[in-house]
Amino acid sequence: ICLIRGSHGEFLTKGLHGLPGGFVSLDASKPWICYWLLHALYLLREEASFLYDNLISTLVHLQSPSGGYGGGPRQIPHCAATYASVLALCTTRKKEALESIDRKGLYRFFLSVKDASGGFAMHDAGEVDSRGTYTVVAIARLLNILTPELVSGTTEYLLSCQTYEGGFGGEPGNEAHGGYNFCAVAALL
């Protein structure tokens with residue numbers, strides 16, 4: 001397989017500079033777009049480090065004063081947007097990127113979306129599922145804020161998402177699904 005790294009790198013870097021108007025519907029997906037483009041560049045060894053300061057600034061503006069990251073400016077914090085934002089910041093490997101993460105606020109946000117079942121909601125009053133639980137556990141572990149308080153009951157919640165087939169669903173009683181299976185198994189590990 002011939003992978004034309006340079007061309008792929010140019011395409012991805014162009015996306016970090018800005019996307020065409022047709023992408024306006026993905027406004028709430030800014031952290032994901034940043035993460036996907038950055039991570040792909042990293043894997044291709046075609047990093048656009050000259051754009052890192054702008055990227056860090058963009059993600060800092062998505063951080064909620066109450067903790068966590070929204071999908072866009074002034075949007076409510078969301079576990080998926082937080083996951084993508086933190087991973088994008090870590091991908092830069094820049095000290096100022098890591099220092100921009102409000103770990104205390106993030107921990108408060110994670111506790112605020114913790115459900116009595118042991119799982120985590122994606123956002124305030126949002127759906128509680130294995131996806132939200134995985135994003136919280138993964139980021140808390142990455143940032144060294146994973147505490148017994150945070151994960152109390154989480155193992156039991158995830159195990160309750162296991163189906164008679166042996167896989168995991170998004171919620172207790174749901175059918176097994178590949179994506180939720182990954183989230184549950186990764187969070188359990």
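That block above? That's the structure.
Below: a short report on this structure. (Residues numbered from 1 in each chain as written. Predicted model: local features only at pLDDT ≥ 70, side-chain atom pairs only at ≥ 80, totals over all residues. Heavy atoms only, no water.)

### A few points about the packing of helix α1 (residues 5–17) against helix α2 (residues 30–44)
Rules: In this analysis an axis means a line fitted to C-alpha atoms, helices contributing only their contacting stretch, and an angle means the value between N-to-C directions, from 0 to 180 degrees. A helix here means a DSSP run of H or I that spans at least four residues, while a strand means a run of E at least two residues long, and both kinds are numbered starting from the N terminus. To sort the angles, those under 35 degrees are grouped as roughly parallel, those over 145 as roughly antiparallel, those from 65 to 115 as roughly perpendicular, and the leftovers as oblique. Helix crossings are classified by the rotation of the near helix relative to the far one: an anticlockwise turn of less than a right angle makes the crossing left-handed, while a clockwise turn makes it right-handed. By the convention used here, residues are in contact when the closest approach between their heavy atoms is within 4.5 Å. Classification convention: Asp, Glu, Lys, Arg as charged; Ala, Val, Leu, Ile, Met, Phe, Trp, Tyr, Cys, Pro as nonpolar; all other residues, Gly among them, as polar.
With their axes 9 Å apart at the nearest point, α1 and α2 run at an angle of 155 degrees to one another. What the angle tells us is that α1 and α2 run roughly antiparallel. Considering how the two elements wind past one another, α1 and α2 form a crossing that is left-handed. Here R5, H8, G9, L12, T13, G15 and L16 of α1 lie close against α2, whose contacting residues are C34, L37, L38, A40, L41, L43 and L44. Taken together, the residues that form the contact of α1 with α2 break down as nine nonpolar, four polar and one charged.

### Some thoughts on the environment of M122
Within the fold, M122 resides in the loop between β1 (120–121) and β2 (128–129). Between the alpha carbons of M122 and T135 there is a distance of 8.8 Å; along the sequence they are 13 residues apart. In this structure M122 touches P77, H78, C79, A80, F109, E127, D129, R131 and G132, once residues within four positions along its chain are discounted.

### Some words on the packing of aromatic side chains
Formally: Here a pair means two rings of Phe, Tyr or Trp (six-membered ring of Trp) with centres within 6.5 Å. Their orientation is stacked below 30 degrees between planes, edge-to-face above 60, and tilted elsewhere.
Taken as a whole and assessed by the stated rule, the structure comprises six aromatic pairs. For the pair W32 and Y35, a centre-to-centre distance of 6.4 Å together with 70 degrees between the ring planes defines the contact as edge-to-face. With a gap of three residues between them, W32 and Y35 both fall in helix α2, about one helical turn apart. Connected via pairs of aromatic rings, a cluster forms that spans W32, Y35, W36, Y83, Y134 and F182.

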